[in-house]
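Below are the chains, spelled out letter by letter.
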Amino acid sequence: MQDVTDLAFMQMLSEYGCPDYYVTEYFRVYANSNLDKKILKSITCNTTGRPVFAQLIGESIPDMLRIAQQLTKYPIAGIDLNLGCPAPRVYRKNVGGGLLREPETIERIFDALRSQISGLFTVKMRVGFDSTDNFEKLLYLINQYQIDLLSLHGRTVKELYRGEVHYDLIRQAVQTVNCPVLANGNVTSYLKAEQVIQETGAAGVMIGRSAIRNPWIFQQIRDRFAGNPVQVITLADVYKYIQHLFAITCQDTLREKSHVNSLKKFLNFIGTGIDPEGKFLAGMRLVQSKQELFDLCDRHLLTNPELPFAIEPYENLVARPSCESCE
Ligand SMILES: Cc1cc2nc3c(=O)[nH]c(=O)nc-3n(C[C@H](O)[C@H](O)[C@H](O)COP(=O)(O)O)c2cc1C
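Going by what an unreviewed UniProt entry lists, the protein is known as tRNA-dihydrouridine synthase and is assigned to Pseudanabaena yagii GIHE-NHR1. Regarding the protein, the UniProt comment filed under Sequence similarities (unreviewed entry) reads as follows: "Belongs to the dus family." What UniProt states about the protein under its Function (unreviewed entry) heading is, verbatim, "Catalyzes the synthesis of 5,6-dihydrouridine (D), a modified base found in the D-loop of most tRNAs, via the reduction of the C5-C6 double bond in target uridines."

A word on a negative patch on the surface
On the surface, E256, E292, D295 and D298 cluster together into a patch of negative charge. Considering every element that reaches the negative patch, the biggest residue donor is helix 14 (residues 290-301), with 3 residues. Along the polypeptide, E292 turns up in helix 14. Residue class for E292 comes out partly exposed when judged on its relative accessible area of 38%.

Re the nonpolar core
Within the largest apolar cluster, 97 residues are counted, with the highest numbers of intra-cluster contacts made by L71, F110, M125, L150 and I270. Of the residues forming this core, the biggest block, 7 residues, is contributed by helix 11 (residues 235-248). Shared between two domains, this core takes at least three residues from each, and those domains are domain 1 (7-216) and domain 2 (235-324). Once you skip the residues sitting within four places of it in the chain, L150 turns out to touch V123, M125, L139, I142, A173, C179, P180, V181 and L182.

Overview of the domain arrangement of the protein
Taken domain by domain, the protein consists of domain 1 (7-216) and domain 2 (235-324). The gap between the C-alpha centroids of domain 1 and domain 2 is 28 Å. On the domain 2 side, the residues contacting the 18 residues of domain 1 number 19 residues. In total, about 1,700 Å² of surface goes out of reach between domain 1 and domain 2, with carbon and sulfur atoms giving 65% of it. Counting across the domain 1 and domain 2 interface gives 0 salt bridges. One can count 6 residue pairs in polar contact (both at pLDDT 80 or more) joining domain 1 with domain 2. Elements supplying a minimum of two residues to the side of domain 1 that touches domain 2: helix 1 (7-17), helix 8 (190-200) and helix 9 (209-213). Residue contributions to the side of domain 1 that touches domain 2 peak at 5 residues, all from helix 1. Per-class residue counts for the side of domain 1 that touches domain 2 are 10 nonpolar, 3 polar and 5 charged.

Comments concerning the sheet that holds strand 6 (residues 181-184)
With parallel pairing, 7 strands are arranged side by side in an open sheet as 1-2-3-4-5-6-7. At either end of the open sheet lies a strand with only one pairing partner, and these are strand 1 (22-28) and strand 7 (204-206). Each strand of the sheet is rotated relative to its neighbour by a mean of 25 degrees, with strand direction disregarded. Of the pairings in the sheet, the one linking strand 4 (residues 120-126) to strand 5 (residues 149-153) comprises 5 bridges and is parallel in character.

Concerning the environment of E194
Its location among the elements puts E194 in helix 8. Note on E194: relative accessible area 23%, which makes it partly exposed. In sequence terms E194 and T5 are 189 residues apart; their C-alpha atoms lie 24 Å from each other.

The rules behind each value
Residues numbered from 1 in each chain as written. Predicted model: local features only at pLDDT ≥ 70, side-chain atom pairs only at ≥ 80, totals over all residues. Heavy atoms only, no water. UniProt positions renumbered as here; feature names shortened; annotations may be inferred. Patch = residues over 30% accessible without salt bridge, like charges linked within 9 Å, V, L, I, M, F, W, Y side chains within 5 Å. Areas by Shrake-Rupley, 256 points an atom, 1.4 Å probe, with all protein chains shown as cover. Salt bridge = Lys/Arg side-chain N within 4 Å of Asp/Glu carboxyl O. Lys, Arg positive; Asp, Glu negative; His and termini not counted. Charge placed at Lys NZ, Arg CZ, Asp CG, Glu CD. Helix = DSSP H or I, 4+ residues; strand = E, 2+ residues; numbered from the N terminus. Buried < 20%, exposed > 50% of the residue type's maximum accessible area, 1.4 Å probe, protein only. Core = buried A, V, L, I, M, F, W, Y, C linked by side-chain atoms within 4.5 Å. Domains from an automatic or database assignment. Contact = heavy atoms within 4.5 Å. Buried area = accessible area lost by both parts, 1.4 Å probe. Polar contact = N/O pair within 3.5 Å; in protein donor to acceptor, adjacent residues only side chain to side chain. Nonpolar A, V, L, I, M, F, W, Y, C, P; charged D, E, K, R; others polar. Pairing = 2+ DSSP bridges. Axes fitted to C-alpha atoms, helices over the stretch in contact; angles between N-to-C directions.

Here is the structure:
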């Protein structure tokens, strides 16, 4: 996830129970683009013990080939192509989710990349741009160009991050394509993961926002599927998690107020599981200093520290849309 899954976040997650695979933030690919050094670090310094796929976003075939070639020198699990980003400033450039309007362009990109990438070539996509008219054609291309793994967010680009996820279309993809499919969209808990796997028949799930809210989710899913007891997360655990986030985002060059503000992109999601009235969320948006932030955390998380953290986010609470603007 852009501005979230950097090296520090990936390494922190691994302390709570890693996902099986990571995907980097996307490398923007265009004429003369270089590999972003910060994103590259999440590959070269990855000590999580889990493989990491390098994600690309772009449309220029020569540049995608050039960047894919450069990336093969690094320890990547494979190259992942982003066909899902719904941010208007991105899709207007005809990259990410914007490409779902043009299956012919996608076909040319698949053709070029597939013949050049000797390792795994995977795709992250949505079910369409503003309709699902191209969906079957897209699935056909996934098969024709022997894509190795499909991560499918069951919404169109225009549906952004809200509303129902079309799990029926994820099921259709599972039944149609020859590669494993990861179901994506609103996999909010280990119980939801179980339900989505049952409903779609997917090989696994991809988790975005709920990994920020609940970094224990991957271990909880693993335990649930193994028939082991699932750890109950308490408000005291969440307090320690916020302290952890504070520590990993600390930089000498960052003023305290900016540091606290930078944490809000995480707190926006964490807050949807703290209290049903959204008081933590509302308070969090106002804090300006470390003292104010941890006073707020003390009030909401340490008054009854043994209370369980909600398994699911509260339905009436939403993170700020600005925190969901990139894919
Ligand atoms: C802040 C943020 C950044 C994201 N960045 C990316 C990205 O760089 N690449 C990508 O494939 N998806 C990205 N996504 C989308 C997620 O991977 C996922 O498809 C989407 O959030 C739906 O899954 P969820 O309900 O588990 O969050 C991003 C999502 C968020 C909220």
